[in-house]
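Below are the chains, spelled out letter by letter.
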Amino acid sequence: MLPSTQEAGIHLTARQVETWPGAKAAVIPSDRWRSSKHATFSLPPLERSVPVCRALVRAWLDGQRIRGEDTRYLVLLVLSELVTNAIQHSGTLRVTCRLRRTADELSIEVHDGGGTPWVPRRRSPDPGQERGRGLDLVARSCTRWGRRTGPDNGCVVWAAVPLSPGAPAGRLRQP
């Protein structure tokens, strides 16, 4: 689990998510993210939470001065996949996203609050199938990824995105 020291945390309500981007100015800290290597976002399990979470992460990446387009793209792609899975496949009342920056990578962790026995796993769908590629995409895009069950019987899925351009992705650690 990612540490929570020096963490910039945001807890969004369903109303804030539904009225986004109107709630943006009241929610996103302007300068705190420059010094915080960790961030946590807690959102309701609404479809609309996915683009809101991406907006929050973009703002955090800006505060961290992470400007590489390849890195930003990967972070947002992985985050979108993991948050969408948590919303669609759990009975959770909250989805929590945690980010942590180190010198050479960005760790992304998405935790659902449980409510279902579903445990995400990487699949290899047939070419004609429209769904089921999310975790395979995450695994191929990241240096590492994994999943574990939380103390609340929720599921935590995590991934590590390299910060340096050209860093090898796809070294898989599948549980």
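These notes cover the structure that comes with them. (Residues numbered from 1 in each chain as written. Predicted model: local features only at pLDDT ≥ 70, side-chain atom pairs only at ≥ 80, totals over all residues. Heavy atoms only, no water.)

## Structural notes on the nonpolar core
Reasoning step 1: Membership of the largest hydrophobic core comes to 45 residues, with the highest contact counts inside it found for Leu12, Trp20, Phe41, Leu56, Val83, Cys97 and Ile108.
Reasoning step 2: Among the secondary structure elements, those contributing two or more residues to this core are strand 2 (38-43), helix 3 (49-63), helix 4 (69-89), strand 3 (95-101), strand 4 (105-112), helix 5 (134-141) and strand 6 (155-162).
Reasoning step 3: Other than its neighbours up to four places away in sequence, Val83 contacts Val50, Cys53, Val95, Cys97 and Val110. (Core = buried A, V, L, I, M, F, W, Y, C linked by side-chain atoms within 4.5 Å. Buried < 20%, exposed > 50% of the residue type's maximum accessible area, 1.4 Å probe, protein only. Helix = DSSP H or I, 4+ residues; strand = E, 2+ residues; numbered from the N terminus. Contact = heavy atoms within 4.5 Å.)

## Considerations on the pairing of strand 2
Reasoning step 1: A large share of strand 2 lies buried, amounting to six of its six residues.
Reasoning step 2: Side chains of strand 2 alternate between two faces, with His38, Thr40 and Ser42 and Ala39, Phe41 and Leu43 buried alike.
Reasoning step 3: For strand 2 and strand 3, the ladder comprises six bridges, and the chain directions are antiparallel. Of the residues in strand 3, the one forming a bridge with His38 is Arg100. (Pairing = 2+ DSSP bridges.)

## Some details on the pattern of salt bridges
Reasoning step 1: Taken as a whole, this structure holds four salt bridges when the rule is applied.
Reasoning step 2: Across the pair Glu109 and Arg98 runs a salt bridge, and its minimum N-O distance is 3.5 Å. One end of the pair, Glu109, is in strand 4; the other, Arg98, is in strand 3, and eleven residues separate them in sequence. Exposure class is identical for Glu109 and Arg98. Each is buried.
Reasoning step 3: On the basis of relative accessibility, which here comes to 4%, the residue Glu109 falls in the buried class.
Reasoning step 4: Among the ionic contacts, a cluster of salt bridges with common partners joins Arg98, Glu109 and Arg148. (Salt bridge = Lys/Arg side-chain N within 4 Å of Asp/Glu carboxyl O.)

## A look at helix 3
Reasoning step 1: Between its first and last C-alpha atoms helix 3 spans 21 Å; for 15 residues at 1.5 Å apiece the expected length is 21 Å, and the two agree.
Reasoning step 2: Burial within helix 3 is extensive, with eleven of its 15 residues counted as buried.
Reasoning step 3: For helix 3, the full list of buried residues reads Ser49, Val50, Val52, Cys53, Ala55, Leu56, Val57, Ala59, Trp60, Leu61 and Gly63.
Reasoning step 4: Where helix 3 ends, the next residue or the one after it, Arg65, has phi of about 60°, a positive value. (Expected span 1.5 Å × (residues − 1).)

## Focus on unusual backbone geometry
Reasoning step 1: Note the cis peptide between Trp20 and Pro21, where omega equals 15°.
Reasoning step 2: Checked against the element boundaries, Pro21 lands in the loop between helix 1 (14-18) and helix 2 (24-27).
Reasoning step 3: For Arg65, which is not glycine, the phi dihedral falls at a positive 60°.
Reasoning step 4: Inspection of the secondary structure puts Arg65 in the loop between helix 3 and helix 4.

## Quick look at the environment of Glu81
Reasoning step 1: Along the polypeptide, Glu81 turns up in helix 4.
Reasoning step 2: A relative accessible area of 24% means that Glu81 is categorised as partly exposed.
Reasoning step 3: Sequence separation between Glu81 and Leu137 is 56 residues; the distance between their C-alpha atoms is 8.5 Å.

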